[in-house]
Amino acid sequence: MTPLILASSSPYRRELLARLQIPFIWEAPDIDETPVKGEHPEETCLRLSLEKARAIGRLHHQGLVIGSDQVAEREGQAISKPVNHEAAVEQLTWASGRALKFHTGLCVLDAATGHHESIRVTVTAHYRVLSGAQIERYLRNDQPYDCAGSGRIETLGITLVEKVISEDPTALIGLPLIALTTLLAHFGIVLP
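Residues numbered from 1 in each chain as written. Predicted model: local features only at pLDDT ≥ 70, side-chain atom pairs only at ≥ 80, totals over all residues. Heavy atoms only, no water.

**Let's talk about helix α1 (residues 11-18)**
Inference 1: Taken together, the buried positions of α1 are occupied by Tyr12, Arg13, Leu16 and Leu17. In an axial view of α1, the angular spread of the buried residues amounts to 130°, which keeps them on one side of the axis.
Inference 2: The N-terminus of α1 is capped by serine 10, whose side-chain oxygen sits 3.2 Å from the backbone nitrogen of tyrosine 12. (Buried < 20%, exposed > 50% of the residue type's maximum accessible area, 1.4 Å probe, protein only. Helix = DSSP H or I, 4+ residues; strand = E, 2+ residues; numbered from the N terminus. Arc of directions from axis to C-beta. Polar contact = N/O pair within 3.5 Å; in protein donor to acceptor, adjacent residues only side chain to side chain.)

**Overview of the nonpolar core**
Considering soluble globular proteins, one finds that nonpolar side chains tend to be buried as a cluster.
Inference 1: Formed by 44 residues in total, the largest nonpolar core has its most connected members in Ile66, Tyr127, Leu180 and Leu184.
Inference 2: Of all elements in the fold, only β1 (4-7), α1, β3 (64-74), α3 (85-95), β5 (99-110), β6 (116-127), α4 (132-142) and α5 (177-186) reach the threshold of two or more residues within this core.
Inference 3: Looking at this core element by element, the count peaks at five residues for α5.
Inference 4: The contact partners of isoleucine 66, leaving out residues within four places of it in the chain, are Leu4, Ile5, Leu6, Ala7, Leu17, Leu106, Cys107, Val108, Leu175 and Leu180.
Inference 5: Counting residues in each nonpolar core, the second largest holds nine residues, with Ile5, Val65, Leu109 and Ala111 among its members. (Core = buried A, V, L, I, M, F, W, Y, C linked by side-chain atoms within 4.5 Å. Contact = heavy atoms within 4.5 Å.)

**Regarding the layout of surface pockets**
Inference 1: Reported here for the largest pocket is a volume of approximately 700 Å³.
Inference 2: Around the largest pocket sit 38 residues that line it, and Arg13, Gln70, Lys81, Asp146 and Ala148 are the ones nearest its centre.
Inference 3: For the lining of the largest pocket, the elements supplying multiple residues, two or more each, are α1, α2 (41-57), β3, β4 (77-79) and β6.
Inference 4: The element best represented in the lining of the largest pocket is β3, accounting for four residues.
Inference 5: Of the volumes computed, that of the second largest pocket is approximately 160 Å³.
Inference 6: In this structure, the second largest pocket is lined by Ile119, Arg120, Val121, Thr122, Ile165, Ser166, Glu167, Asp168, Ile178 and Ala179. (1 Å grid on protein atoms, 1.4 Å probe; cavity = no way out; pocket = protein on both sides within 12 Å on 5 of 7 lines; lining within 4 Å. Points joined across faces, edges and corners; volume = space filled by probe spheres on them.)

Purely spatial values, then, with no claim about function.
Printed below as a string of structure tokens:
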């Protein structure tokens, strides 16, 4: 089987890829993830997923490199990872009773040829109306400061939302497995 390389330092993406029960390695790409001025979050996630795949692809002579990037969007503006408690409170206070979009770019790149295919999957998360006390309890328990939009849907963050709309629910965690299975098939890896 063609070696698979996940271009990511994210433990969440590694856990998701492991669900496919195929061997892979992972390497953290060293790229500048700063959004380009005027770039829409939908474009940013695709550009960064390709840049991540190319950065790792340059280090290998063969294999398929998987790059993925997620950008949360609030009214057309990208939302970064909160990094600290205060920023997370601000993000969740704004999201209360509203919907956020999470755009996940996915790229599969053949390291030997440079040929790649990309796709974007968008998830819309409709948040419950949240009190300040609920936000504080959630943040103290889950501490999602490394997650776009200040929520970790795979743990207690599921309680923050009323509904999630997506063609590929794993995209919300950061690696759309339905889309990935499709792209891998284009490169000759048919699962299961």
